[in-house]
Amino acid sequence: MKIELREVPVKDVIAGYTDRGEGGVTGLSGKLDIRPEYQREFIYGAGKAQQRNAVIDTVRRNFPLNVMYWVVRSDRTYEVLDGQQRTISICQFVVGNFSVNYQYFHNLEQVEKDQILDYKLMVYFCKGSDKEKLDWFKTVNIAGEELTDQELRNAVYHGPWLASA
């Protein structure tokens, strides 16, 4: 697998951000599949707001956020291999889905908004076969929010039948 590290500003990732639920989550002006079919649902919601808020606090303080991994597809689009929870947290905050410490993005001073939008995410762009991609997915998900056995099986055996099941 070929892996290249790049910086991607938040403003680029949130451009064209859409969350169509089961229909998918996209960003980067439609070029980034934030929740490909093998990924689990967003789990930093109301029950785990502390983790979601910690992501925003990290960005607002301009501290380094854990590196993310995106797969480069053959059609020159991308899919999030690792970093979905962080990416969705940032996008949802910027579009106003939640507040942190009673502050919504739209209520911040312009300098604070610009700092968030200009924040650089560290992203490894990965090219390789489907097997390499899924093996890497399994490897990078050893730490962090642990995947269930079923979520790991979904990563390896994905497709229309599983989605409809």
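Conventions and cut-offs
- Residues numbered from 1 in each chain as written.
- Predicted model: local features only at pLDDT ≥ 70, side-chain atom pairs only at ≥ 80, totals over all residues.
- Heavy atoms only, no water.
- Pairing = 2+ DSSP bridges.
- Helix = DSSP H or I, 4+ residues; strand = E, 2+ residues; numbered from the N terminus.
- Contact = heavy atoms within 4.5 Å.
- Axes fitted to C-alpha atoms, helices over the stretch in contact; angles between N-to-C directions.

Taken together, 7 strands build an open sheet; the order of strands is E1-E7-E5-E6-E4-E3-E2 and the sheet is mixed. Of all strands in the sheet, those with a lone pairing partner are strand E1 (2–9) and strand E2 (18–19), marking the two edges. Looking at chain direction, E2 and strand E3 (residues 25–27) are connected through 2 bridges and run antiparallel. Paired with Thr18 across the two strands is Thr26, which belongs to E3. Most of the contacts of helix H3 (residues 84–94) go to strand E6 (residues 78–82), to which it runs at about 115°, and overall it touches E2, E3, strand E5 (68–72), E6 and strand E7 (120–127).

With that settled, the discussion passes to the environment of Ile34. Residue position: Ile34 is located in the loop between strand E4 (32–33) and helix H2 (49–60). Placed 50 residues apart in sequence, Ile34 and Gln84 show a C-alpha to C-alpha distance of 6.0 Å. If we ignore the near neighbours within four places in the chain, the residues touching Ile34 are Tyr17, Val25, Thr26, Gly27, Val80, Gln84, Thr87, Ile88 and Cys91.

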